[in-house]
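Architecture at a glance
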Amino acid sequence: MAVVSPVPVPGPVPGESVLTESDASLLFGGARTAYTFTDEPVTDAQLRAVHELAKWAPTAVNAQPLRVVAVRSAAARERLLPCLPSGNREQAAGAPLTLICAADRSFAESLPRLHPRGERYQRLLEEGGAEMRAQWARASALIQTAYVIQAIRAVGLAAGPMNGDDAEALATEFFAGQDVEVLLVINVGHPGPDAYQERNPRLPFEEVYQVL
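Source: prediction; values computed, not measured.

In terms of nonpolar packing, the biggest core is built from 28 residues, with Leu99, Leu111, Leu125, Val148, Ile152, Ile186 and Val188 touching the most fellow members. Elements represented by at least two residues in this core include exactly α2 (44-54), β2 (97-104), α6 (118-154) and β4 (180-189). Setting aside residues no more than four positions away along its own chain, Ile152 makes contact with Val50, Leu99, Leu157, Ala158, Ala159, Ile186 and Val188. Of all hydrophobic cores here, the second largest spans 16 residues; its members include Val71, Ile100, Met162 and Phe175.

Printed below as a string of C-alpha cells:
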C-alpha cells in the first residue's frame, strides 16, 4: 500500500475566502491539535473571550444546549484524570485548563428566553419525547463545541480536543443532577515543546462532496 505524504500546511488560501492568509492559517490550515502545554495559565479574560466568540454558533431554534465545565484547579484535575482513558491522562495533566463539553438535554427549559416562539418549541419537544430532545441537543452542542475550538485558536491559544470516552463517568463527576451527554474534552493553553504531531493528509473535495 502506498504511503500518502502529509500535505504541506498551510496551503494557498482560496481566492474566494475573505480571510487574510494569516487568519486562515490561524483558524484552519495552520491550526493543529496540541498534545503538550506550557505552565502559562489560561486567564479568566481569555476564557470569557472564548465564550464571547463561540456563543454565536448556529443552533436549532437558538437553543444553545452546550454546557461546559472548565477544569483548572489541582483538586478538579484529580477528579478529572480517572474519568479519562489512560492514554489521554498525560495530556490533560499537563494542560493549564481542560474544558468538558456536554449537551444539555433539558435545554428546552430556556427556550422562552431565547426564541420568540420558545413556548411553542417547548411543546413540540415535549411531544417528541426524550429521543428527539437528545438528538436536538447533541447536534446543536456539537456545532457549538466546534466553534469553541475555533474561538480558542482565535484568542491565541492552542486546543487539544479528545473524545470523552467514559462519558457517563464524566457526567456523574462534573454534571451531577443534570441531564447531559458529555461530547468532548478539550485541553487548552499555550503549546509546549513538541506539542504537535506531523500533519496528516485530508480528503479531497471529490471524496467528501456530492454536487447534485
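Moving on, there is more to tell.
With that settled, consider a nonpolar patch on the surface. A cluster of nonpolar side chains, Leu203, Phe205, Val208, Tyr209 and Val211, forms an exposed patch at the surface whose accessible area comes to about 580 Å². Along the chain, the position of Val208 falls in helix α8 (residues 205-208).

This next bit is on the packing of aromatic side chains. Aromatic rings in a pair are described by how distant their centres are and how their planes are angled relative to each other. Taken as a whole and judged by the stated rule, the model has one aromatic pair. Note on Phe205 and Tyr209: the rings are 4.6 Å apart at their centroids and 10° apart in plane angle, and the pair reads as stacked. What makes Phe205 partly exposed here is its relative accessible area of 47%. The ring of Tyr121 has Arg120 sitting right over it, with the charged end atom 5.7 Å from the ring centre.

What follows concerns the sheet that holds strand β1 (residues 66-71). Pairing within the open sheet is antiparallel, and its four strands lie in the order β1-β2-β4-β3. Two strands close off the open sheet at either side, each with one partner strand: β1 and β3 (158-163). Taken over all neighbouring pairs, the strand axes of this sheet differ in orientation by 25° on average, direction set aside. Direction of pairing for β1 relative to β2: antiparallel, over a ladder of six bridges. Pairing of Val68 across the sheet is with Cys101, part of β2. Running over the sheet, α6 touches β1, β2, β3 and β4 and is turned about 5° from β4.

This part covers the confidence of the model for the chain. Of the residues in the chain, 95% have a pLDDT of 70 or more, and the chain-wide mean is 93. This model gives residues 1-9 a pLDDT under 50, and the stretch forms 10 contacts once residues within four places in sequence are excluded.

Procedures and definitions
- Residues numbered from 1 in each chain as written.
- Predicted model: local features only at pLDDT ≥ 70, side-chain atom pairs only at ≥ 80, totals over all residues.
- Heavy atoms only, no water.
- Core = buried A, V, L, I, M, F, W, Y, C linked by side-chain atoms within 4.5 Å.
- Buried < 20%, exposed > 50% of the residue type's maximum accessible area, 1.4 Å probe, protein only.
- Helix = DSSP H or I, 4+ residues; strand = E, 2+ residues; numbered from the N terminus.
- Contact = heavy atoms within 4.5 Å.
- Patch = residues over 30% accessible without salt bridge, like charges linked within 9 Å, V, L, I, M, F, W, Y side chains within 5 Å.
- Areas by Shrake-Rupley, 256 points an atom, 1.4 Å probe, with all protein chains shown as cover.
- Salt bridge = Lys/Arg side-chain N within 4 Å of Asp/Glu carboxyl O.
- Phe/Tyr/Trp six-rings, centres within 6.5 Å; stacked < 30°, edge-to-face > 60°.
- Lys NZ or Arg CZ within 6 Å of the ring centre and 35° of its normal.
- Pairing = 2+ DSSP bridges.
- Axes fitted to C-alpha atoms, helices over the stretch in contact; angles between N-to-C directions.
- pLDDT = per-residue confidence, 0-100.

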